[in-house]
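One-letter residues, chain by chain:
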Amino acid sequence: MDTPIDTLSFEDALKELERIVSRLESGEATLDESIGLYERGDRLRQRCAERLDAAQARIEAIRLDADGKAAGTRPFAAA
């Protein structure tokens, strides 16, 4: 849990976030611990969202010709 969040891969950040959620849901953490877990969990959630946004930006959309057949690709443009 001491690993800097900005160095975590998406998968590692998601796994840690899942562990934090589980710990919070168990009700076993003290109030201070819960606050710390929540804060780290929020930063992990942001990291995961950033990584997903970056991946989405690299997706290529298939261009279709007039007949609806694949005619190539173009960079994904998020709406």
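All of these numbers come straight from a predicted model, not from anything done at the bench. Each chain has its residues counted from 1, running along the sequence as written. With the structure being a predicted model, the display of local features is reserved for residues of pLDDT at least 70 and the display and counting of side-chain atom pairs for 80 or more, all residues being used for whole-chain, interface and lining totals. Derived side-chain values reflect all non-hydrogen atoms in the structure, with water molecules and hydrogen atoms excluded from consideration.

**Some points on the pattern of salt bridges**
Moving on, step 1. A carboxyl oxygen of Asp or Glu within 4 Å of a side-chain nitrogen of Lys or Arg is what we treat as a salt bridge. A full pass over the atoms with the stated rule returns four salt bridges.
Moving on, step 2. For Arg 40, the salt bridge identified is with Glu 16, shortest N-O distance 2.4 Å. With Arg 40 in helix H2 (residues 31-58) and Glu 16 in helix H1 (residues 10-26), this residue pair connects regions lying 24 residues apart in the sequence. In this structure, Arg 40 and Glu 16 share a single accessibility class: buried.
Moving on, step 3. Among the ionic pairs, Arg 23 bridges to Glu 33, the shortest N-O distance being 3.0 Å. On the criterion of sequence distance, the pair formed by Arg 23 in helix H1 and Glu 33 in helix H2 is long-range, its members being 10 residues apart. Runs of H or I in DSSP of at least four residues are treated as helices and runs of E of at least two as strands, each being numbered from the N terminus. For each residue, the accessible area found with a 1.4 Å probe, counting protein chains only, is set against the maximum for its type, and the residue is called buried under 20%, exposed over 50%, and partly exposed in between.

**Considering the nonpolar core**
Moving on, step 1. Of all hydrophobic cores here, the largest spans nine residues; its members are Ile 5, Leu 8, Ala 13, Leu 17, Ile 20, Ala 29, Leu 37, Leu 44 and Cys 48.
Moving on, step 2. Those elements giving two or more residues to this core turn out to be H1 and H2.
Moving on, step 3. Each residue touching Leu 8, except ones within four places of it in the same chain, is listed here: Thr 3, Ala 13, Glu 16, Arg 40, Leu 44, Arg 47 and Arg 51. Here, nonpolar core means buried Ala, Val, Leu, Ile, Met, Phe, Trp, Tyr and Cys residues that are tied together by side-chain atoms lying within 4.5 Å of each other. Here, residues are in contact when the closest pair of their heavy atoms is within 4.5 Å.

**Description of the environment of Leu 24**
Moving on, step 1. Of note, Leu 24 is situated in helix H1.
Moving on, step 2. With 13 residues separating them along the chain, Leu 24 and Leu 37 place their C-alpha atoms 7.5 Å apart.
Moving on, step 3. Setting aside anything within four residues of it in sequence, one finds Leu 24 in contact with Ser 34, Leu 37 and Tyr 38.

**What to know about the confidence of the model for the protein**
Moving on, step 1. Along the chain, pLDDT gives the predictor's confidence residue by residue, from 0 to 100. Chain-level pLDDT for the protein is 85 on average; 73% of the residues reach the 70-or-more range.
Moving on, step 2. For the protein, per-element mean pLDDT is lowest for strand S1 (residues 60-64), which scores 61, and highest for H1, which scores 96.

**Considerations on the environment of Glu 11**
Moving on, step 1. Residue placement: Glu 11 occurs in helix H1.
Moving on, step 2. Between the C-alpha atom of Glu 11 and that of Cys 48, which follows or precedes it by 37 residues, the distance is 8.4 Å.

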